[in-house]
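As a plain string of letters, each chain reads:
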Amino acid sequence: MTDFSALNLSPVLQQAIQDIGYTTPSPIQAQAIPVVLDGQDVLGCAQTGTGKTAAFLLPIIQKLLTINSENRPIRALVLSPTRELAAQIGESFAQYAQHTTLRHTVIFGGVKQGPQVKALKRGVDVLIATPGRLLDLQGQGFIDLSEMKFFVLDEADRMLDMGFLPDIRRLLNVLPAERQNLLFSATMPNDIVELASSFLNNPTRVEVDPESSTVDQIEQLVMY
Ligand code: AMP
């Protein structure tokens, strides 16, 4: 197994990884990070627990560090189906980007929009959002996505299960055409494959076996 130094991440990311205590990249990270750094779109089949958050955040942070931007337009958008997952991605971002000056914020529904609007007005490089609140604030003119370069659709299968497909389609219509797209999903049913082919450009597929659902210490027998 390679270690993180083989992935050519910048020293500020290497330092963060060391501070957090990761030693080796997980399989999805070893596969996806070079592909994202290379600028390719990604179709990732991976569940929560595989390290997929770092698999997309680390290379996006690395790429953002190389693009100079004075007035902090939103340059990366991560779409998540639930507020809990969005908050978790936000926490991971704060850890991974701890030695950089990049800023992020997390927006989701069910709470007052005031503090979220205030954070957006300060300027953020990375926006992590659930679909409904994102479209709501975008419709009100608080979110400008015209400079966005990286789009991550996380847990796409859950998004569809929760009925977010129309929101995702509306959102895709307002995103700038030139961008790098990453889609992650635990499962790949037909509707996800269709959605993926509607906006991913010649994606590289990365995949990890689902975590084994059996425990080694439990003996399993079949009685006929
Ligand atoms: P995720 O699948 O992104 O939700 O990550 C699941 C958990 O694995 C989180 O607690 C991460 O902090 C942790 N994690 C991610 N990458 C690594 C790694 N390379 N080594 C050890 N732990 C990791």
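Below is a summary of the structure that appears in this document. (Residues numbered from 1 in each chain as written. Predicted model: local features only at pLDDT ≥ 70, side-chain atom pairs only at ≥ 80, totals over all residues. Heavy atoms only, no water.)

As for the packing of aromatic side chains
Per the stated rule, a full pass over the model turns up 4 aromatic pairs. Look at Phe 151 and Phe 199: their rings are 5.7 Å apart centre to centre, the planes differ by 55 degrees, and that puts the pair in the tilted class. With Phe 151 in strand β5 (residues 150–153) and Phe 199 in helix α9 (residues 190–199), the pair connects residues that are 48 residues apart, well separated along the chain. A relative accessible area of 7% means that Phe 199 is categorised as buried. Through pairs of rings, three or more aromatic residues link up here, namely Phe 4, Tyr 22 and Tyr 96. (Phe/Tyr/Trp six-rings, centres within 6.5 Å; stacked < 30°, edge-to-face > 60°. Helix = DSSP H or I, 4+ residues; strand = E, 2+ residues; numbered from the N terminus. Buried < 20%, exposed > 50% of the residue type's maximum accessible area, 1.4 Å probe, protein only.)

A short note on the sheet that holds β5
The strands that make up a sheet pair up through hydrogen bonds in the backbone, lying either parallel or antiparallel. Read across the open sheet, the 7 strands follow the order β3-β4-β2-β5-β6-β1-β7; overall the sheet is parallel. The open sheet has two free edges, formed respectively by β3 (104–107) and β7 (204–207), since each of these has just one partner strand. Within the sheet, the average angular offset between the axes of one strand and its neighbour, ignoring direction, is 15 degrees. Alignment of strand β2 (residues 76–79) against strand β4 (residues 126–129), held across 4 bridges, turns out to be parallel. When the bridges of β4 are listed, Val 78 appears paired with Ile 128. (Pairing = 2+ DSSP bridges. Axes fitted to C-alpha atoms, helices over the stretch in contact; angles between N-to-C directions.)

Things to note about the site of the ligand
What surrounds the ligand is the set Phe 4, Tyr 22, Thr 24, Pro 25, Ser 26, Gln 29, Thr 48, Gly 49, Thr 50, Gly 51, Lys 52 and Thr 53. Gly 51 places a polar main-chain atom, nitrogen or oxygen, 2.8 Å from an oxygen atom of the ligand. Out of a free accessible area of 500 Å², the ligand has 65% covered by protein chains. (Near = heavy atom within 4 Å. Polar contact = N/O pair within 3.5 Å; in protein donor to acceptor, adjacent residues only side chain to side chain. Areas by Shrake-Rupley, 256 points an atom, 1.4 Å probe, with all protein chains shown as cover.)

Here's the deal with helix α5 (residues 114–122)
When we look at burial in α5, the residues that qualify are Gln 116, Val 117, Ala 119 and Leu 120. Viewed along the axis of α5, the buried residues span an arc of 160 degrees, placing them on a single side of the element. Facing away from the buried side of α5, by more than 90 degrees, are the exposed residues Pro 115, Lys 118, Lys 121 and Arg 122. The first or second residue beyond α5 is Gly 123, which carries a positive phi of 100 degrees. (Arc of directions from axis to C-beta.)

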